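Descriptive structure summary
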Amino acid sequence: MLPENEIKRVLTVTAHPDDIDFGSAGTIAGLTDRGVEVTYLLVTDGDAGGNERTLDNGGMAELRRVEQTAAAKHVGVTDLRFLGYSDGTVVQSLDLRRDIARVIRQVRPDVVITHHPERNYQFIAPSHPDHRAVGGSTLDAVYPDARNPYAFPELLRDEGLEAWTVREVWLTSGPTPDHYVDITANVDRKIAALLSHQSQVAHVTGFEESVKGRFLEWGKLAGLPEGGYAEAFQIVPTG
Ligand SMILES: [Zn+2]
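Read on for an overview of the structure. Within each chain, residue numbers correspond to sequence positions counted from 1 in written order. Note on the predicted model: pLDDT of at least 70 is required for a residue's local features to be given, and 80 or more for side-chain atom pairs to be given and counted; whole-chain, interface and lining totals, by contrast, use all residues. Excluded from the side-chain calculations are hydrogens and water; all other atoms, namely the structure's heavy atoms, are used.

So, about the pattern of salt bridges. Each salt bridge in this description consists of a side-chain nitrogen of Lys or Arg and a carboxyl oxygen of Asp or Glu lying within 4 Å of one another. One pass over the full model with this rule turns up 16 salt bridges. Taking the shortest distance from any N to any O, the salt bridge between R81 and D79 comes out at 2.9 Å. Per-residue accessibility, obtained with a 1.4 Å probe over protein chains only, is compared with the maximum for each type, and a residue is labelled buried under 20%, exposed over 50%, and partly exposed between these values. Residue D79 is classed as partly exposed on the basis of its relative accessible area of 25%. E231 is the salt-bridge partner of K190, the closest N and O atoms lying 2.6 Å from each other. Of the two residues, K190 is situated in helix α6 (residues 187–195) and E231 in strand β7 (residues 230–237); the sequence distance between them amounts to 41 residues. Runs of H or I in DSSP of at least four residues are treated as helices and runs of E of at least two as strands, each being numbered from the N terminus.

Here is the structure:
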């Protein structure tokens, strides 16, 4: 794994508002506390999410951008970018790879955090088809698209975006996590970030307890002292 002091910039690529907060907000808080610059890239606005149907999809998209922006502030992130794909219909495609590769070349991150592209048969919710499509396209954008100057040559020719090599990818919610981050000190900021997504979580009874329970379990798997919370990743070296 990359030593901590070699991680200066991190880009997260997720499908929907709230994904980053469920998977990684505690880790993100720790990174920004250390001075790491973190950028969120969201492929959709989550316009098909939530149970509140008084808003049409456009209104929901706008609300969810606002909620995600508020959530990001809790963990020290102010740079958010949205690709505006339609929620629920994301597929792996050359267009999506190009759009992600563009942002990788703009941000030039050391680490990219994204969804695991494989289905998790132990816990189905994180394996939403949009998540798998975004995870797969992001890995393709990391290798080869962003690093190969001859991939999507228009990015260099028209936008001046030089090739960039991401050194490590951290995959969330996959079947085979191999790295745990202790988020005990930041678990309350993670919960605050999640509670910013009011359109998604306001109606869920016992939300905070159930979320904390899940990350407490991972704390045990990580071998933390009693009461420790952890987030889990699979690390993919790409250098
Ligand atoms: Zn999602």
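Next comes the rest of the write-up.
Let us now look at the environment of R65. In this structure, R65 sits in helix α2 (residues 57–74). Put simply, R65 and D21 are 44 residues apart on the chain and 13 Å apart in space, counted from C-alpha to C-alpha. Contacts are residue-level and defined by heavy atoms, with any inter-residue pair within 4.5 Å sufficient. When sequence neighbours within four positions are dropped, the list of residues in contact with R65 reads D45, F82 and G84.

Tetrahedral coordination by four donors puts the ideal angle at the metal at 109.5 degrees, and octahedral coordination by six puts it at 90 or 180 degrees. Shown as donors are all N, O and S atoms within 2.8 Å of a metal ion, widened to 3.2 Å for Na, K and Ca; because water is not in the atom set, sites may appear incomplete. All of the protein donors around the zinc ion are H16 (ND1), D19 (OD), D19 (OD) and H131 (NE2); their distances to the metal are 2.0 to 2.7 Å. A four-donor site is classed as tetrahedral when every donor-metal-donor angle falls between 85 and 135 degrees; four donors are called square planar, and six octahedral, when trans pairs exceed 155 degrees and all remaining angles lie between 65 and 115, with any other arrangement labelled irregular. The coordination sphere of the zinc ion comprises four donor atoms, whose angles at the metal cover 53 to 127°; the geometry is irregular. In the primary structure, the donors to the zinc ion are separated according to the pattern H-x2-D-x111-H. With D19 in helix α1 (residues 19–33) and H131 in helix α4 (residues 129–146), the pair connects residues that are 112 residues apart, well separated along the chain. The exposure class of D19 is buried, given its relative accessible area of 12%. On the basis of relative accessible area, H131 is assigned to the buried category, the value being 9%.

Before going further, it helps to spend a moment on the pairing of β7. Looking down a regular strand, the side chains alternate between one sheet face and the other. Among the eight residues that make up β7, six are buried, leaving the element largely enclosed by the rest of the structure. Note that strand β5 (residues 168–172) and β7 share five bridges and pair antiparallel. Bridge pairing in β7 places L171 opposite Q234. The pairing criterion for strands is at least two bridges between them, as found by DSSP. Two elements, strand β6 (residues 179–182) and β7, share four bridges in a ladder whose sense is antiparallel. Bridge pairing in β7 places Y180 opposite A232.

Any functional reading would require information beyond the geometric quantities listed.
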